[in-house]
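One-letter residues, chain by chain:
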Amino acid sequence: MFWLAEGLVYRRQESIIHSLDPRVKLIISFSLFILSLFSSTIFEFIILLSAIFLLGVLSKVLRRMIKTITFSLTFVIMIFVINLLVGYDLIFSIVISLRFIAIISSSSIFFLTSSPDELDLVMRSLHLPYDLIFAFVTAVRFVPVILLDAIQIIDSQRSRGLEIEKGNIFKRIRNYIPILIPLIVQSIIRSEELAEAMESRAYGFSKKRTSYYTLHFKMKDYLILCLHLMLVVLFILLVYFLHL
Amino acid sequence: MIEVESLYFKYPLANDYVLKDINLKIGLGEVVGIMGGNGSGKTTLIKHFNGLLKPTKGFVRIFGKDTREESVAYFSKKVGLVFQNPGHQIFSDTVWNEIAFALKNFGFEEEIINKRVKWALEFFNLTQYKDMSPLLLSGGEKKRLCLASVLAWNPDFIILDEPTVGQDFLQKEKLIEIIKMLITQNKTVIVVSHDVEFIWLLQPRLILISNGTIVKDGDCKSIFKDNSILEKCGITKPQLVELYDELYPLIEQPPVDVIEAYSMILKLLRGLK
Ligand SMILES: Nc1ncnc2c1ncn2[C@@H]1O[C@H](COP(=O)(O)OP(=O)(O)OP(=O)(O)O)[C@@H](O)[C@H]1O
Ligand SMILES: [Mg+2]
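Each value, and the rule that gives it
- Residues numbered from 1 in each chain as written.
- Chains lettered and ligands numbered in written order.
- Predicted model: local features only at pLDDT ≥ 70, side-chain atom pairs only at ≥ 80, totals over all residues.
- Heavy atoms only, no water.
- Near = heavy atom within 4 Å.
- Polar contact = N/O pair within 3.5 Å; in protein donor to acceptor, adjacent residues only side chain to side chain.
- Areas by Shrake-Rupley, 256 points an atom, 1.4 Å probe, with all protein chains shown as cover.
- Nonpolar A, V, L, I, M, F, W, Y, C, P; charged D, E, K, R; others polar.
- Phe/Tyr/Trp six-rings, centres within 6.5 Å; stacked < 30°, edge-to-face > 60°.
- Buried < 20%, exposed > 50% of the residue type's maximum accessible area, 1.4 Å probe, protein only.
- Lys NZ or Arg CZ within 6 Å of the ring centre and 35° of its normal.
- Domains from an automatic or database assignment.

Trainee: What's the story with the site of ligand 1 in this structure? I'm lost.
Mentor: Residue and element names in this part refer to chain B. Within the structure, ligand 1 sits among Y11, V18, G37, N38, G39, S40, G41, K42, T43, T44 and H194. In the model, an oxygen atom of ligand 1 is placed 3.3 Å from a nitrogen or oxygen of the S40 main chain. Contact distances for ligand 1 include 2.5 Å between an oxygen atom and a side-chain N or O atom of T44. Taking 640 Å² as the accessible area of ligand 1 by itself, protein coverage stands at 63%. Residue classes in the shell around ligand 1 are distributed as 2 nonpolar, 8 polar and 1 charged.

Take a look at the structure:
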């Protein structure tokens, strides 16, 4: 079950999108995210989701993007059912569910195509405080490590006769205790080790940080950024002003 | 009986096979060592022995039953797996409960659980810690606890992944004794290890894996004499085999332990006089 979350993890790959400046990738991802927040008809979401999936195809991460969506499907269904139960109509419930999917998949474009190093550079170019950047980037970097831990832990406990999917709902929740406790303990141990290793390598010693890589826009970046912004403006004009 | 028949395996998102055309039969009462370089597929292979992983192609049968047909819990009752990292399984509030966990999962009766846990604690010198949190134990003690928690349910096959990492010499010797005792009870012990000295003391049937295929499956004495195979798998010789290389042809077989080496050398010296 946990390997579904692999859809959230960056992998080194070659594609047009991967090779873009991370700032462009962030703008593309973020603008689609904002549009998902403000869109409100099924038609709009069809356009938005097609655009997102097209980007998924161009960056060769579509399969893993769909995994991310499958992973979040439980939430989507929950949102849909709760909306219906609370008394909203069918169309509205569908729109809300689609919005959730669009939000998840649009933000996953950035994370699936940008390495933690690129994330670091982008956040620095936004002049955020470095401690904050470091904490965030480390968290992202640790996702695959924690997933591997989770797989090992599940294998260990299943070998000791734990059957996660067995029993009624309360029993099933209790079944996760033997998995969650080692996972949390391992993460705490790991973060302590990381802190010690960093301090012994003089983390925070020099106030002014420099970077081996710097970001530069290339021709390709300008072109794709312009194209993207034009399409976004077109979408806004057509949908919000002409009410297509 | 574990039977592996033309087993191929690849992880869900990977492109290449991690295991290729594995064929094996392991019966009761055997000691088996599995060696091979990092990433050669040893852990992946043993995860097939209780159904945690299912073959992509081919078959794994435990006592005649295909691992696809029953749950992991069903096979685990007969095949106990002890993983490398105790941190991946320790979770209970006390050492006692840690050992009792699996017994409860397998549905043993209260009375039997108490008896088994008590036996395991005593056998592994852990009785004094029984009410302590297992997280407070030392690294080596945690590893012992993991072994205790598996032996407690008395499986027919015991599979140990890297059991000697972080163990002091005394514990290694004790582990060898335990394994030899288990063999006399007609259990099978399968040990995955990089520790050539430890493997040599066990004198097991040795299986060498390289790049997901079995390179050699045979008697440990003859394999450790074969330089080309050892080189191919990146394995060094145990010291006693090196001693044998130096003394050959004055002694015919490499000694299995220091005591045998001593008596061989003594005999040689007497002959020289
Ligand atoms: N969950 C997983 N998903 C994808 N690939 C994996 C997974 N687990 C292991 N692998 C890959 O399978 C190969 C074999 O790994 P395995 O853990 O079986 O090696 P090993 O022989 O036990 O190595 P070691 O001596 O380091 O313990 C490696 O290349 C590894 O990267
Ligand atoms: Mg391994």
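Trainee: What exactly am I supposed to notice about the packing of aromatic side chains here?
Mentor: When we look at a pair of aromatic rings, we describe it by the centre distance and by the angle of the planes. Residue and element names in this part refer to chain B. Enumeration according to the criterion identifies 17 aromatic pairs over all chains in this entry. For the ring pair Y74 and F75, a centre distance of 5.2 Å and an interplane angle of 85° mean the geometry is edge-to-face. Accessibility expressed as a relative area gives 32% for Y74, which makes it partly exposed. Sitting above the plane of the Y17 ring, K10 keeps its charged end 5.0 Å from the centroid. Across from the ring centre of Y8, 4.6 Å away, lies the NZ or CZ of K57, which sits over that ring.

Trainee: Looking at this model, I keep getting lost on the domain arrangement of chain A. Mind explaining?
Mentor: How big an interface is tends to be stated in terms of accessible area lost as the parts join. Domain annotation of chain A identifies domain 1 (1-114 + 214-244) and domain 2 (127-213). A separation of 27 Å is found between the C-alpha centroids of domain 1 of chain A and domain 2 of chain A.

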